[in-house]
Amino acid sequence: MRFSGLRVLKEGLTGNTGWTPHWRDPEPKSDYDVIIIGGGGHGLSTAYYLARNHGITNVAVLEKGYVGGGNVGRNTTIVRANYFLPGNSEFYSHSLKLWEGLEHDLNYNVMHSQRGLINLFHSDGQRDAFARRGNAMINQGDDAVLLDREGVRKHLPYLDFDNTRFPVYGGLLHPRGGTARHDAVAWGYARGADTRGVDLIQNCEVTGIDIENGTVKGVQTTRGTIRAKKVAMVVAGRSGQVAAMAGMRLPIESHILQAFVTEGIKPVINHVVSFGMGHFYISQSDKGGLVFGGDLDFYASYAQRGNLPMMEHVMEAGMTLMPMIGKAKVLRSWGGVMDMSPDGSPVIDKTDIGGLFLNCGWNYGGFKAVPASGWATAHLIATGTPHDTAAGFRLDRFRTGRGLMDEEGTGSQHNLH
Ligand SMILES: Cc1cc2nc3c(=O)[nH]c(=O)nc-3n(C[C@H](O)[C@H](O)[C@H](O)COP(=O)(O)OP(=O)(O)OC[C@H]3O[C@@H](n4cnc5c(N)ncnc54)[C@H](O)[C@@H]3O)c2cc1C
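Bear in mind the structure is a predicted one, so any value in this text is a computation, not a measurement.

**Describing the nonpolar core**
In this structure, Ile36, Phe91, Trp99 and Tyr189 are the most contacted members of the largest nonpolar core, which totals 50 residues. Looking at this core element by element, the count peaks at seven residues for helix H3 (residues 88-106). In this structure, Leu62, Ile201, Val235 and Leu250 belong to the second largest nonpolar core, which totals 28 residues.

Structure follows, in structure tokens:
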């Protein structure tokens, strides 16, 4: 079924009886060409691009819960291409270009809204660093505008500019940055993959990976054994556990990231605003809720919920920057399990086991990466060679030390990126 304005009108006039489910609910087959473990954003986009770009459709996505129940449906939906280091910048630049055509490509409204992202700075030194970042973004073909204090005031008049500890000196505006509706991205890719013949198998947990003579043969699941020529592990916060089924020990730590949303209020925040010094960022959803978050909870965990000290810290930082938000009532908070890598950059690579692939290390920035990550992972699975935009995302950089991409310059400390 194709979606269109005309279709919505027709269904509205005929009692909405013509809509069909977005995807099938198939029984798993005994055998596939490719199995993707994990029905999050990256697993679904990998399946979609395997079918769309490479014509590989005998594919199953195995999801232990329901499609979109992981981080892809728990994030704060920011989409941007403002990375600094070679390796990262071309990849996220490619991703943003895919975002810009995504709704048309998927025939699905993912509510991509390029409302502009402003990263604030609070010292001369930070201004220099942001100027360099902006130049790197422009060199990559993306957009960046360095704003002085008055320039920021024009866009964000509600900030406290004279906070003693963090007076606002200016900001780096990334006009093409913005947000997208997270669930819709998962649903759009799921529908697109299903339409092209991919089997989406929900409530199917992978419990073992079958390997014979150094080559993957399939997986054990809660719904039986499924054989496959190729298997990709695309499970974000559970990467360490799933890779252990193949005898691998990954340099990944899982940490909790929380987010918060207030009751719906009238439009007040038209951009995404990031206050790095206070570890706080915010945007306003289309329903009117203020959506905001901060830093990791700092201790390793697999629990999909956070703790009170970080909640208090985030609220304080928000009040410091924009005291007006103190009047809004917080409706909900939640947490997701982040797959933190030692240098803060991801992995899209083959493993030493024949036919077994790995996609992980998205830290807290993997939502914006969903299109380019699926594109590159599908390319790797189909052709056996890394895609140009993701050629630096090699697993062995953590063993050899060559090619590390420490975007934040924090050193090898998983929870500080
Ligand atoms: C609060 C929060 C805010 C964030 N904000 C942003 C943001 O603004 N911008 C941004 O770019 N990124 C953001 N992120 C990060 C982003 O959401 C993640 O990096 C990204 O979603 C991870 O990839 P995924 O979508 O594939 O993960 P997931 O959706 O978690 O998918 C992994 C899937 O694997 C499944 N799985 C695990 N183990 C198994 C198994 N054994 N068998 C079968 N299935 C299994 C899980 O059930 C899950 O559905 C945020 C994350 C959080 C939690």
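**Quick look at the packing of aromatic side chains**
Enumeration according to the criterion identifies 15 aromatic pairs in this entry. Centroid distance Tyr83 to Tyr92: 3.9 Å. Interplanar angle 10°. Geometry classified as stacked. Each member of the pair, Tyr83 as well as Tyr92, carries the same accessibility label: buried. Relative to Phe367, the ring of Trp99 lies with its centre 5.3 Å away and its plane at 55°, an arrangement referred to as tilted. Note that Trp99 is positioned in helix H3 and Phe367 in the loop between strand E18 (356-360) and helix H9 (370-383), a separation of 268 residues in sequence. On the basis of relative accessibility, which here comes to 7%, the residue Phe367 falls in the buried class. Ring pairing ties together the aromatic residues Tyr83, Phe91, Tyr92, Trp362 and Phe393, which thus form one cluster. The cationic tip of Arg153 hangs over the ring face of Phe161; the distance from NZ or CZ to the ring centre is 4.4 Å.

**Notes on the sheet that holds strand E5 (residues 145-148)**
What the eight strands build is an open sheet, ordered E5-E6-E4-E13-E14-E15-E12-E16; its pairing is mixed. With partners counted over all chains shown, the strands left at the sheet margins are E5 and strand E16 (330-340), one partner each. Recorded for the sheet is a direction-independent mean angle of 20° between the axes of neighbouring strands. With ten bridges joining them, strand E12 (residues 253-264) and E16 adopt antiparallel strand pairing. Residue pairing in the sheet places Gln258 in a bridge with Gly335 of E16. Its contacts with the sheet place helix H8 (residues 308-321) against strand E4 (117-121), E12, strand E13 (272-275), strand E14 (280-284), strand E15 (289-300) and E16, and it is angled at close to 135° to E15.

**A word on the domain arrangement of the protein chain**
Looking at the assigned domains, one finds that the protein chain contains domain 1 (5-77 + 183-251 + 343-400) and domain 2 (113-177 + 254-340). The partner domain 2 presents 17 residues to the 16 residues of domain 1 that form the contact. Between domain 1 and domain 2, a total of about 1,400 Å² is buried, with carbon and sulfur atoms accounting for 48% of that surface. At the junction of domain 1 with domain 2, the criterion picks out zero salt bridges. For the pair domain 1 and domain 2, the number of links is ten residue pairs in polar contact (both at pLDDT 80 or more). For the side of domain 1 that touches domain 2, a count of residues per class yields five nonpolar, nine polar and two charged.

**A look at the site of the ligand**
Close contacts around the ligand come from 38 residues, with Glu63, Asn71, Val72, Thr76 and Lys368 the closest. For the ligand, an oxygen atom lies 3.4 Å from a polar atom in the side chain of Asn75. Thr76 has a polar side-chain atom sitting 2.8 Å from a nitrogen atom of the ligand. In isolation the ligand has 990 Å² of accessible area, and contact with the protein removes 96% of it. Looking at which element gives the most residues to the shell around the ligand, the answer is E12, with three residues. Here the shell around the ligand spans two domains, and each of domain 1 (5-77 + 183-251 + 343-400) and domain 2 (113-177 + 254-340) adds at least three residues to it.

**So, helix H6 (residues 182-195)**
In this model, H6 (14 residues) spans 20 Å end to end at C-alpha, consistent with the 20 Å of a helix rising 1.5 Å per residue. Where burial is concerned, most of H6 is hidden: twelve out of the 14 residues are buried. Among the structural elements, helix H2 (41-54), H3, strand E8 (199-201) and H9 are those in contact with the buried residues of H6. Following H6 by one or two positions, Gly197 adopts a phi angle in the positive range, close to 105°.

**Here's the deal with the environment of Ala243**
Tracing the backbone shows Ala243 in helix H7 (residues 239-244). Those residues in contact with Ala243 that lie beyond four places of it in its chain are Met233, Met248 and Leu250.

**Points about a nonpolar patch on the surface**
Judged by side-chain polarity, Met1, Val8 and Trp19 come together as a nonpolar surface patch covering roughly 270 Å² of accessible area. Structurally, Val8 can be placed in helix H1 (residues 5-13). Judged by its relative accessible area of 51%, Val8 is exposed.

**Some thoughts on the pattern of salt bridges**
Enumeration according to the criterion identifies 16 salt bridges in this entry. Of the charged contacts in the structure, one is a salt bridge between Arg153 and Glu150, with a shortest N-O distance of 3.1 Å. Taken together, the residues span about one helical turn, with Arg153 and Glu150 both in helix H5 (residues 149-155) at a distance of three residues. Two residues, Arg394 and Asp349, come together in a salt bridge whose shortest N-O distance is 3.4 Å. A residue pair is termed long-range when its members are at least 10 positions apart, and Arg394 in the loop between H9 and helix H10 (397-400) and Asp349 in strand E17 (residues 347-350) qualify at 45 residues. Connected via shared salt-bridge partners are Arg24, Asp194 and Asp199.

**Description of the pairing of strand E1 (residues 31-37)**
Counting buried positions along E1 gives five out of seven residues, so the element sits mostly inside the fold. Relative to strand E11 (residues 224-233), E1 runs parallel, the two being bridged by six bridges. Each bridged residue has a counterpart across the sheet, and for Asp31 the counterpart in E11 is Arg227. Pairing analysis gives four bridges linking E1 to strand E2 (residues 59-62), with the strands arranged parallel. When the sheet's bridge partners are listed, Val34 is paired in E2 with Val59. For the crossover that starts at E1, traverses H2 and ends in the parallel E2, the hand is right-handed.

Reading the values: rules and limits
The residue numbers shown here count from 1 along each chain, following its written sequence. Reporting of local features is limited, given that this is a predicted model, to residues whose pLDDT is at least 70; pairs of side-chain atoms are given and counted only at 80 or more, and all residues count toward the totals for whole chains, interfaces and linings. Note that the side-chain values use all heavy atoms of the structure and ignore hydrogens as well as water. As used in this record, nonpolar core signifies buried Ala, Val, Leu, Ile, Met, Phe, Trp, Tyr and Cys residues forming a set joined through side-chain atoms within 4.5 Å. When accessible area is computed with a 1.4 Å probe and restricted to protein chains, residues below 20% of their type maximum are described as buried, those above 50% as exposed, and intermediate ones as partly exposed. Each helix corresponds to a stretch of at least 4 residues labelled H or I by DSSP, and each strand to a stretch of at least 2 residues labelled E; elements are numbered beginning at the N terminus. Two rings belonging to Phe, Tyr or Trp (six-membered ring only in the last case) form a pair when the distance between their centres is within 6.5 Å. Interplanar angles under 30 degrees mark stacking, angles over 60 mark edge-to-face geometry, and anything in between is tilted. Definition used: whenever NZ (Lys) or CZ (Arg) falls within 6 Å of the ring centre and also within 35 degrees of the ring normal, the charge is taken to sit over that ring. The rule for pairing is simple: two strands pair if DSSP sees at least two bridges between them. Between N-to-C directions, angles cover 0 to 180 degrees, with each direction set by a line fitted to C-alpha atoms, over the stretch in contact for helices. Should any heavy atoms of two residues lie within 4.5 Å, those residues are counted as being in contact. Each domain's extent was defined by an automatic or database domain assignment. When two components associate, each loses some accessible surface as probed by a 1.4 Å sphere; the sum of these losses over both components is called the buried area. Each salt bridge in this description consists of a side-chain nitrogen of Lys or Arg and a carboxyl oxygen of Asp or Glu lying within 4 Å of one another. Any pair of N or O atoms that falls within 3.5 Å is considered a polar contact. Within protein, one atom must be able to donate a hydrogen and the other to accept it, and sequence-neighbouring residues count only if both atoms are side-chain atoms. Residue polarity is assigned by list, with Asp, Glu, Lys and Arg as charged and Ala, Val, Leu, Ile, Met, Phe, Trp, Tyr, Cys and Pro as nonpolar; anything else, Gly included, falls into the polar class. Any residue with a non-hydrogen atom lying within 4 Å of a molecule or strand is treated as near it. Residue-level accessible areas treat just the shown protein chains as cover; the underlying method is Shrake-Rupley with a 1.4 Å probe. Residue count minus one, scaled by 1.5 Å, sets the expected span of a helix. In this scheme, patches are assembled from residues that exceed 30% relative accessible area and form no salt bridge. Like charges are connected within 9 Å, while nonpolar side chains (Val, Leu, Ile, Met, Phe, Trp, Tyr) are connected within 5 Å. Looking down the strands as they point away from you, a crossover is right-handed if its path from the first strand over the helix to the second goes clockwise.

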